[in-house]
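# Breakdown of the fold
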Amino acid sequence: MKTARKKRKFEWGYLLLLPGLGYILFFLAGATGMMIAQSFGLFNYTAESRFSLEYWRGILNETFVDDLLYSLKIAVCASLLCICIAYPLALIIKKLPGERTILSLVKIPMFIPALVASLLILNIIDYHGILNIILVRLQIIEEPLRLRNDSWGVAALLIQAWKNIPFMLIIMYSAVEAVRRDVIDAARNLGAGRLAVFTQIIVPLTLPSALVSVILVFIRVFNDYVISKTAGPLYPNTISNLMHVTAYLYNDWPSAACIGCLMVITAVSFVSAYTYLSKKLMQNL
Amino acid sequence: MAEGLSLKNITKRFGNFTALNHVSFDIKPGEFVTLLGPSGCGKTTLLRIIAGFLEPDEGEVWFGDQKMNDVPPHKRNTAMCFQSYALFPHKTVYENIRFGLRMRKVPASQHRALVEEAMAMVNLTGLENRKPYELSGGQQQRVALARSVVVRPNILLFDEPLSNLDAKLREKVRVEIRDLQRKLGITAIYVTHDQSEALAISDTIISMNQGAIIQKSDPRTIYDRPVSKFIADFIGTANLVPCTVTRQQGSLFQVQSPYGMLLAEDKDFPHDSGEYYLCIRPEDVRPVLDGEPAGEDNILEGVVKNSIYMGNTLDLFARVQTEPLRASVWKDYHIEEGTRIRFAVPRSKIRILEG
Amino acid sequence: MEKEFSAQLTRKLLRYLVPFAIIVILIAWIGVPMAYCFLWSAVDPDYPWSYPDPLPQKLSLFHWRYILENTNILGAVGSSFFIAGCTTILSFLLALPTSYALGRRQLKGAGFFKTLMLLPLVLPGMAMAIFLGRMLMKMGLSGTYTGVILAHTLMGVPYMMRILVVSFESVPQDLVDAASNLGATAFTRFAEVYFPMVLPGLVAGSIFTFINSMEEFNLTFIIGLPTVKTIPTVLFSYLGESFARTRASVVSLILLIPNLTLLLITERFIKTEYMGAALGKM
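So, how was this worked out
- Residues numbered from 1 in each chain as written.
- Chains lettered and ligands numbered in written order.
- Predicted model: local features only at pLDDT ≥ 70, side-chain atom pairs only at ≥ 80, totals over all residues.
- Heavy atoms only, no water.
- Helix = DSSP H or I, 4+ residues; strand = E, 2+ residues; numbered from the N terminus.
- Rg over C-alpha atoms; globule rule 2.2 N^0.38 Å.
- Buried < 20%, exposed > 50% of the residue type's maximum accessible area, 1.4 Å probe, protein only.
- Contact = heavy atoms within 4.5 Å.
- Areas by Shrake-Rupley, 256 points an atom, 1.4 Å probe, with all protein chains shown as cover.
- Buried area = accessible area lost by both parts, 1.4 Å probe.
- Salt bridge = Lys/Arg side-chain N within 4 Å of Asp/Glu carboxyl O.
- Domains from an automatic or database assignment.
- Polar contact = N/O pair within 3.5 Å; in protein donor to acceptor, adjacent residues only side chain to side chain.
- Nonpolar A, V, L, I, M, F, W, Y, C, P; charged D, E, K, R; others polar.
- pLDDT = per-residue confidence, 0-100.
- Phe/Tyr/Trp six-rings, centres within 6.5 Å; stacked < 30°, edge-to-face > 60°.
- Lys NZ or Arg CZ within 6 Å of the ring centre and 35° of its normal.

Quick look at the overall build of chain A now. If you tally the helices and strands in chain A, you get 12 helices and 0 strands. Secondary structure of chain A in N-to-C order comes out as α-α-α-α-α-α-α-α-α-α-α-α. Taking 2.2 N^0.38 as the reference for a compact globule, 285 residues should give roughly 19 Å; the C-alpha atoms of chain A span a radius of gyration of 24 Å, well beyond that estimate. Every one of the 285 residues in chain A was classed for burial, and the buried ones make up 52%. Long-range pairs, those at least 24 residues apart, make up 72% of the contacts in chain A between residues at least 6 apart in sequence. Counting only carbon and sulfur atoms, one obtains 66% of the accessible surface of chain A, whose full area is about 13,800 Å².

As structure tokens, this is what we get:
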């Protein structure tokens, strides 16, 4: 009798998971299942549906490799650039009067959609943008720079930084703020100078957040479609773009599905390797 | 209506840890009972089982002549004062106190009068519209108390309610709790680890350790006649040393201890001889000045190592033979550290305890 | 004496100048692009703004009028709001019971479920959009409002749950016990203790979900077109497919105004901890 009652209570809790988690899993499983099935030639809309490995064989072509390398390049550069600016900025802001005002201002780009961010920054860095005008007037450069759709992807990188630095700053600021005052006081009391407090207390306590925020920005940039599409190079572009073009322009759905699978695999293996390495790093500290 | 309470063979396990091991006791209607013990002894678990927040693995909970095991917490008509006060932060003082009345479907027309009466009982009149965070710790404690008594519960439960107050306030509020409980005649169960609080407030103290009851008796008995070494040590302070006991005649025992050969008179000690523990309360030790007669009392000779002036007493830490002896003596003695001194301990003040 | 005074002065200057400088840089960092966007949206087509003019020669509302009169932008604004509203309500209804279970019930594997619920935010947006689109097409929901709302909700539920789980976890157990001790039933405990305590989290979660849905591009672009148009998809037609800077600026501002207004009005509700909860541990 008693055990029966306990058991019923137990199941009731799991039942409550259904609306939220069940919804997510239903659609995710559907979408992923569709992706995997299509990559093997099933559910094909444009040709005969049958199981086949031919799409997987043809996938590792030059375009794919170029686009993959471009996506990884922008993602790595953007996340490193962001942390290099956001981490010190979070530490400085914490010390300043008026930190609330600064934080409110900083949050704004987080709520500006990627498309709009792209346009806002393009307006500044374009051929006739304010940046070029100032640089030419100051005689730093002779000819205005052509940054939009440049072949390296500087414009895309700048826009990613503009959008993601605030995001990272908020995470890092929470981490810096979470370092308890009495821990710092205790360290000072035990004879630690400003530098020692920084290296021995603040860095070890905020490093986990820094490592996490880097991988979050990496994933966001790696998965990006609109920013590189509007401001990035014409070739190569992101994997997301390649997938979209393959599916909608060339109507090659199975290959697009293969690209999607590879994209997920790349992202997952990068995140796993990174998580493993940062765990090792934290253990050694 | 005050109700008695019976626990029968309560056992509770958390994984491999046995928090309560076959605990049974009865409480009379209107009695003020304290569960006293060190942290982890199971006293809070027991209180939460009585309130219904936890289900016992074995055993029965009876309120009066009703078995409560399957009654959910909100139908038990107990009222609990939490250590954290657990005031609803989004409700005013008035709404906090009224909550229980609304839940019990007391007609709304009576609410104001009942809440005001309860607030007057705990001296809170005038704070109805404050939010909990606008009150001091002592005031929050009183709101919690008013919220509990306003519903006229059958049993009042207290979970270390005073531990967040400062010492002075604690002594004041515990007298108020005692008075209130007497006036309303509600059965009360009070959990604490503070032995002086337990002595001051209770009709009965249930002393617990490692999930079992060690002794259940009134404050005077538990202090003067502890049944074990653990209780003597936990409640108040005591000099405890191992000893060998032989019955001389009647209630007179000869005790061979590190303090030397002593005579003890203990009416309750059932055995004739064996290895036990000797307990001497520091306040039962008195210094014998030169030329003063000691009468029948035991004489212990030693050297004062530390002499600490406490204001109301003078605490001496002496060494008798090889064993330390603590004595609390009259505050006006002037006894220097290093003094060689004789202490007298009356025969009737030496207790022999099992380990 | 003199030296000490000047050292003190320097310190004071630093104390006020550095934050001042940072605020100025920030305003430039955010304000200048905004101002440029306004200027571009108001360029007169008869006097084109070209290199090396730092400012346009003449301003007019021509492009605003053009966009409002010749395109169905107001319809897109309407459907954006409609979709965001429905998404928020649906996400709230789906997330509430699950967040309660994850935050309060000591379920086995809660940590695993909490990771699982973040998957939609981590998986590649375009890949999810394309193949979710295929799945919804199979269900006959492609190009319908229902399909778009269902897809947006997939992104909204994790945001909502992240914040709500934290809110539920932070309700002290003593309060719940006190309520049931005083006679509150399960329903009353929820209505009078849990609900008021998680309300700030609920508001923050709703704002996040709403803004997120207003901004969502990939899903609407793939699933909604050609019938369902929201502000971001209209914007993309001026930015990605062809580049029409002036019109894109107008549409950008139309998209930004409701979002930033909402953010400014409700900033009080969004404590930094919710921000951290929503973004921090994705």
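Having seen the model, we can carry on.
Turning to the interface of chain A and chain C, a few remarks are in order. In this assembly, 79 residues from chain A lie in contact with 84 residues from chain C. Roughly 7,700 Å² is buried in total at the junction of chain A and chain C, and carbon and sulfur atoms are behind 79% of that figure. Our enumeration of links across chain A and chain C arrives at 1 salt bridge. One salt bridge in this structure joins D126 of chain A and R245 of chain C, with 2.2 Å as the shortest N-O distance.

All right, on to the domain arrangement of chain B then. Residues and elements named next belong to chain B. Split into domains, chain B comes out as domain 1 (5-229) and domain 2 (237-353). If you average the C-alpha positions of domain 1 and of domain 2, the two centres end up 39 Å apart. Contacts between the two partners involve 8 residues from domain 1, matched on the other side by 8 residues from domain 2. Where domain 1 touches domain 2, the interface holds 1 salt bridge. Here D268 ties to R225 by a salt bridge, and the two come within 2.8 Å at their closest N and O atoms. Between the two partners, domain 1 and domain 2, sit 3 residue pairs in polar contact (both at pLDDT 80 or more). Its residues placed into classes, the side of domain 1 that touches domain 2 shows 4 nonpolar, 1 polar and 3 charged.

Before going further, it helps to spend a moment on unusual backbone geometry. Residue P236 of chain A is bonded to the preceding Y235 of chain A through a cis peptide linkage, with omega at -5°. Looking at the secondary structure, you find P236 of chain A in the loop between α10 (226-231) and α11 (239-248). Positioned with a positive phi, N251 of chain A is a non-glycine residue whose angle comes to about 55°. For N251 of chain A, the position within the fold is in the loop between α11 and α12 (253-284). In this model, R152 of chain B sits at a positive phi of 45°, which is unusual for a non-glycine residue. Mapped onto the secondary structure, R152 of chain B falls in the loop between α4 (137-149) and β7 (155-159). R152 of chain B gets classed as partly exposed once you look at its relative accessible area, which sits at 34%.

Next up on the list: the confidence of the model for chain B. Looking at chain B, the pLDDT average stands at 91 and 100% of residues meet or exceed 70. Across the predicted assembly, pTM comes out at 0.81 and ipTM at 0.84.

So, about the environment of L239 of chain C. Within the secondary structure layout, L239 of chain C lies in helix α11 (residues 231-241). A C-alpha to C-alpha distance of 16 Å links L239 of chain C and T71 of chain C, two positions 168 residues apart in sequence.

Let us look at the packing of aromatic side chains. What the rule picks out here adds up to 33 aromatic pairs over all chains. Between F32 of chain B and Y190 of chain B, the aromatic rings sit 5.8 Å apart at their centres with planes inclined by 40°, giving tilted as the arrangement. With a gap of 158 residues between them, F32 of chain B in strand β3 (residues 32-36) and Y190 of chain B in strand β8 (residues 187-192) connect regions that are remote in the sequence. Accessibility expressed as a relative area gives 0% for F32 of chain B, which makes it buried. When the centroid spacing of 6.0 Å and the interplanar angle of 55° are considered together, the rings of F81 of chain C and F210 of chain C count as tilted. Of this pair, F81 of chain C sits in helix α3 (residues 73-104) while F210 of chain C sits in helix α9 (residues 186-215); the two residues are 129 residues apart in sequence, bridging distant segments of the chain. You can call F210 of chain C buried: its relative accessible area is 17%. A cation over an aromatic ring shows up here: K73 of chain A above the ring of W152 of chain A, its NZ or CZ 4.3 Å from the ring centre.

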